[in-house]
Structure formats: structure tokens, C-alpha cells
Amino acid sequence: MSKLDRYDLSILAELQRDARISNQELAERIGLSPSPCSRRVKQLEDDGYIARQVALLDRKMLRLSLTAYVLIGMDRHTPERFENFEAAIRTLPQVLECSLVTGMDADYQLKVVVPDMDHYQKLLLGHLTRIDGVTSVRSSFVLNQVLNSTELPLTHLRT
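Within each chain, residues carry numbers counting from 1 in the order of the written sequence. Totals for whole chains, interfaces and linings use all residues, but because this is a predicted model, local features are given only for residues with pLDDT of at least 70 and pairs of side-chain atoms are given and counted only at 80 or more. Hydrogen atoms and water are omitted, and side-chain values are computed over all heavy atoms in the structure.

Per an unreviewed UniProt entry, the protein carries the name Transcriptional regulator, AsnC family and comes from Pseudomonas mucidolens.

Time to look at helix H4 (residues 79–90). Under the scheme used here, helices are H or I runs from DSSP no shorter than 4 residues and strands are E runs no shorter than 2 residues, and both carry numbers assigned from the N terminus. Take the number of residues in a helix, subtract one, and multiply by 1.5 Å to get its expected span. Look at H4: 16 Å from first C-alpha to last across 12 residues, which is about the 16 Å you get at 1.5 Å a residue. Taken residue by residue, H4 has Arg 81, Phe 82, Phe 85 and Ile 89 as its buried positions. An end-on view of H4 places all buried positions within 95 degrees of arc, on one side of the element. Set apart from the buried face of H4 by more than 90 degrees, the exposed residues are Pro 79, Glu 80, Glu 83 and Arg 90. Residues are treated as being in contact if the distance between any of their heavy atoms lies within 4.5 Å. Of the surrounding secondary structure, the elements contacted by the buried residues of H4 are strand E1 (66–74), strand E2 (95–100), strand E3 (108–114) and strand E4 (134–141). Here's how the labels work: a residue is buried when its accessible area is under 20% of the maximum for its type, exposed when over 50%, partly exposed in between, all with a 1.4 Å probe on protein chains only. Each C-beta atom gives one direction from the helix axis, and the arc is the one those directions make.

Let's shift gears to the pairing of E3. With 6 of 7 residues buried, E3 lies mostly within the body of the structure. Judged from the 7 bridges that link them, E1 and E3 form a sheet pairing that is antiparallel. Looking at E3, one finds that Ile 72 is bridged to Tyr 108. A pair of strands counts as paired when DSSP detects no fewer than two bridges linking them. Judged from the 5 bridges that link them, E2 and E3 form a sheet pairing that is antiparallel. If you follow Glu 97 over to E3, its bridge partner there is Lys 111.

A separate point is the nonpolar core. Among buried residues, the Ala, Val, Leu, Ile, Met, Phe, Trp, Tyr and Cys ones that are joined through side-chain atoms within 4.5 Å form a nonpolar core. Of all hydrophobic cores here, the largest spans 20 residues; its most connected members are Phe 85, Leu 110, Val 112 and Leu 128. Elements with a contribution of two residues or more to this core: E1, H4, E3 and helix H5 (117–126). Examining the composition of this core, we find that 5 residues originate from one element, E1, more than from any other. Ignoring sequence-local partners within four residues, the contact set of Leu 128 consists of Val 70, Ile 89, Leu 92, Leu 110, Leu 123 and Val 134. Core analysis: the next-biggest nonpolar cluster, separate from the first, contains 17 residues, Tyr 7, Leu 9, Leu 26 and Ile 50 among them.

This brings us to the packing of aromatic side chains. Two aromatic rings from Phe, Tyr or Trp, using only the six-membered ring of Trp, form a pair when their centres are within 6.5 Å; if the ring planes differ by under 30 degrees the pair is stacked, by over 60 it is edge-to-face, and anything between is tilted. Applying the stated criterion across every chain yields a total of 3 aromatic pairs. For the pair Phe 85 and Tyr 108, a centre-to-centre distance of 4.4 Å together with 35 degrees between the ring planes defines the contact as tilted. Note that Phe 85 is positioned in helix H4 and Tyr 108 in strand E3, a separation of 23 residues in sequence. Taken individually, Phe 85 and Tyr 108 each receive the classification buried, so the pair is uniform in this respect. Taken together, Phe 82, Phe 85 and Tyr 108 form an aromatic cluster joined through their ring pairs.

Listed below in C-alpha cells is the structure:
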């Protein structure tokens with residue numbers, strides 16, 4: 001991967017804010033002509049800095065009003081047990097994030113989005129507690145989302 005210069009960092013910052021921006025507008029914002037700007041975006045994609053571009057949907061408009069953070073405890077800490085759990089979690093579209101964690105009384109932390117408590121209960125009792133090896137499930141529910149960003153910080157890369 002190549003070293004990122006100020007134009008690359010500016011491109012990444014702008015695309016994080018709005019990936020639908022036209023190449024012409026992007027070029028104007030970062031101070032390049034359109035052709036070199038387009039080449040740089042392509043190179044950032046090829047180098048893996050831009051993994052993919054997505055549309056961010058509004059959860060409330062889609063009636064997905066309940067967000068839960070779920071801590072999962074496992075009975076055994078073996079590669080096979082973890083692989084089985086992770087494979088099962090990947091099949092659940094309600095689980096937006098799954099992280100193997102340390103420093104707390106849990107092995108995994110999940111971020112779950114569902115329409116309401118009834119749907120959460122179905123997910124919990126019908127799926128999460130039925131995964132082999134799951135010994136504990138502790139849920140915390142979001143009352144108010146203070147900050148929700150998908151933009152990664154880039155300031156540490158600026159020279």
C-alpha cells in the first residue's frame with residue numbers, strides 16, 4: 001500500500017461524508033482536476049483503503065427502533081466453539097456487529113437492531129440462547145443515541 005498524501009486523505013474524508021459525490025465536485029473540493037482525482041480514487045480502491053461504498057439507511061424510517069448491546073458468555077474457549085458461534089451469528093441479519101472482546105465478563109459483544117421488544121425476545125430465545133456453548137446473555141438497550149458516525153478518524157495520518 002502506498003503512503004497517503006494530503007489529496008488522498010482529503011478524498012477519503014470527503015467520500016466518508018458523501019460517497020455519492022460526483023467526481024467533478026470531489027475534484028473541486030480537494031483542489032485537483034477531475035482526471036487525477038478519478039485516478040486517485042481508483043488507486044485508493046485498488047489499494048484497499050476504500051473497501052466498499054454503501055447507502056446508510058434510516059433505522060427509524062424502517063421501523064427498527066430498538067437497539068441492544070448484547071454480551072455473550074461462552075462455556076469453553078476453544079477455536080471450534082468460537083467458530084461455531086461466529087458462523088451462527090453471521091446468519092442473523094439483526095446482528096449488525098459481533099466482536100470478540102476482553103476486559104469484561106463476556107466473550108462477545110453484539111450490536112442488535114430490531115423493530116421492538118417482541119422481536120428481540122424472539123431473537124434471544126429462538127436463536128442466541130440456542131447456539132451451542134452460550135452460557136450467558138446480558139442485554140443493554142439504547143435509550144438515546146448521542147452520536148452515530150461511520151466516519152473513521154484520519155487526523156493521525158496527516159503529516
